[in-house]
Amino acid sequence: YITDNAYSREQILGMEFKILKQLDYNICVPTGFHFMTRYLHSFEVSEQVKYLSFYYAERNLQEYDMLSIPPNKFAAFAFYAALSFHLPDDYDPRDPMVARDDVWTPELAALTGYSKNDLVVGASNILKHVKEETVTASRRQLIAAKKKYASERYNSISTLPVPEINVP
């Protein structure tokens, strides 16, 4: 039905077979999700950091300027941004929330292959996008990730304030 019945089921399956054979069945490409899972499992992190990491990453999948970033670095950006979140006891929603900048350890640098200096600008961009309401050219809001992570299942993580990372 996808091809509007222009091809039979057998023709479609035959072409899929030819494509897979040409690719030598090598179709697995690591994504940011694979790297994020590895980073999160390598360190004991809180549920908040876990959910923030995934939320920041998922929210940025729709951003054009993030498409050219290698998946391991993209995941490191989101992980760094999530680790830098800290809600002070005296937080005032009228003031910008400044992210912690002492979160990237030598162990994290060894695991990811990136230093703090490699990640600060990218993590800052990720948080900038999270603050924005993405709207398509047809004026449709893209809020699926925000809505998903607003649920109690994810501890309403997308309702938290978004910190700002100071870029040197």
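Keep in mind the model is a prediction, meaning the values are calculated, not measured. (Residues numbered from 1 in each chain as written. Predicted model: local features only at pLDDT ≥ 70, side-chain atom pairs only at ≥ 80, totals over all residues. Heavy atoms only, no water.)

Moving on: the overall build of the protein. Helix and strand content of the protein: seven helices and zero strands. Along the protein, helices and strands appear, N-terminal first, in the series α-α-α-α-α-α-α. Relative to the 2.2 N^0.38 estimate, which gives 15 Å for 168 residues, the radius of gyration of the protein is 20 Å and therefore markedly larger than a compact globule would have. Overall, the protein is about 65 × 40 × 30 Å in size when its C-alpha atoms are taken along their principal axes. Split into buried and exposed, the 168 residues of the protein put 33% on the buried side. At a minimum sequence separation of 6, the contacts of the protein that also span at least 24 residues come to 71%. Per element, the accessible surface of the protein, about 11,200 Å² overall, is 54% carbon and sulfur. Side chains of the protein give 18 positive and 21 negative charges; the mean places of these two sets differ by 6 Å. (Helix = DSSP H or I, 4+ residues; strand = E, 2+ residues; numbered from the N terminus. Rg over C-alpha atoms; globule rule 2.2 N^0.38 Å. Buried < 20%, exposed > 50% of the residue type's maximum accessible area, 1.4 Å probe, protein only. Contact = heavy atoms within 4.5 Å. Areas by Shrake-Rupley, 256 points an atom, 1.4 Å probe, with all protein chains shown as cover. Lys, Arg positive; Asp, Glu negative; His and termini not counted. Charge placed at Lys NZ, Arg CZ, Asp CG, Glu CD.)

On to helix α4 (residues 71-83), then. Taking 1.5 Å of rise per residue, 13 residues should cover 18 Å, and α4 covers 18 Å from first to last C-alpha, within 8% of that figure. Within α4, ten of the 13 residues are buried, which leaves the element mostly enclosed by the surrounding structure. Along α4, the residues that are buried comprise Phe74, Ala75, Ala76, Phe77, Ala78, Phe79, Tyr80, Ala81, Ala82 and Leu83. Along its buried surface, α4 packs onto α2 (32-42), α3 (47-60), α5 (106-112) and α6 (116-131). (Expected span 1.5 Å × (residues − 1).)

With that settled, the discussion passes to the nonpolar core. One finds Met36, Tyr56, Phe79, Tyr80 and Ile126 to be the most contacted residues of the largest nonpolar core, which totals 42 residues. For this core, the elements supplying multiple residues, two or more each, are α2, α3, α4, α5 and α6. For this core, the element with the highest residue contribution is α4, accounting for ten residues. Contacts of Tyr56, omitting those with residues within four sequence positions, involve Ala78, Ala81, Ala82, Phe85, Ile126, Leu127, Val130 and Pro163. (Core = buried A, V, L, I, M, F, W, Y, C linked by side-chain atoms within 4.5 Å.)

What follows concerns the confidence of the model for the protein. Here the protein averages 90 in pLDDT, while 95% of its residues score no lower than 70. Considering each helix and strand of the protein separately, the mean pLDDT is smallest for helix α7 (residues 144-148), with a value of 91, and largest for α4, with 97. (pLDDT = per-residue confidence, 0-100.)

When you line up the elements, Asn60 lands in helix α3. There is a polar contact of 3.3 Å between the side chain of Asn60 and the backbone oxygen of Ile126. Not counting chain neighbours up to four residues away, the residues in contact with Asn60 comprise Met66, Phe74, Asn125, Ile126, His129 and Val130. (Polar contact = N/O pair within 3.5 Å; in protein donor to acceptor, adjacent residues only side chain to side chain.)

We now examine the environment of Val130. Residue placement: Val130 occurs in helix α6. By relative accessible area, Val130 is classed as buried at 6%. It is 18 Å that separates the C-alpha atoms of Val130 and Phe33, two residues lying 97 residues apart in sequence. Every residue in contact with Val130, bar those within four places of it in the chain, is listed here: Tyr55, Tyr56, Arg59, Asn60 and Val162.

Quick look at the side chain of Ser53 now. By secondary structure assignment, the location of Ser53 is in helix α3. Given a relative accessible area of 0%, Ser53 falls into the buried group. Among the polar contacts listed, one links the side chain of Ser53 to the backbone oxygen of Val49, at a separation of 2.8 Å.

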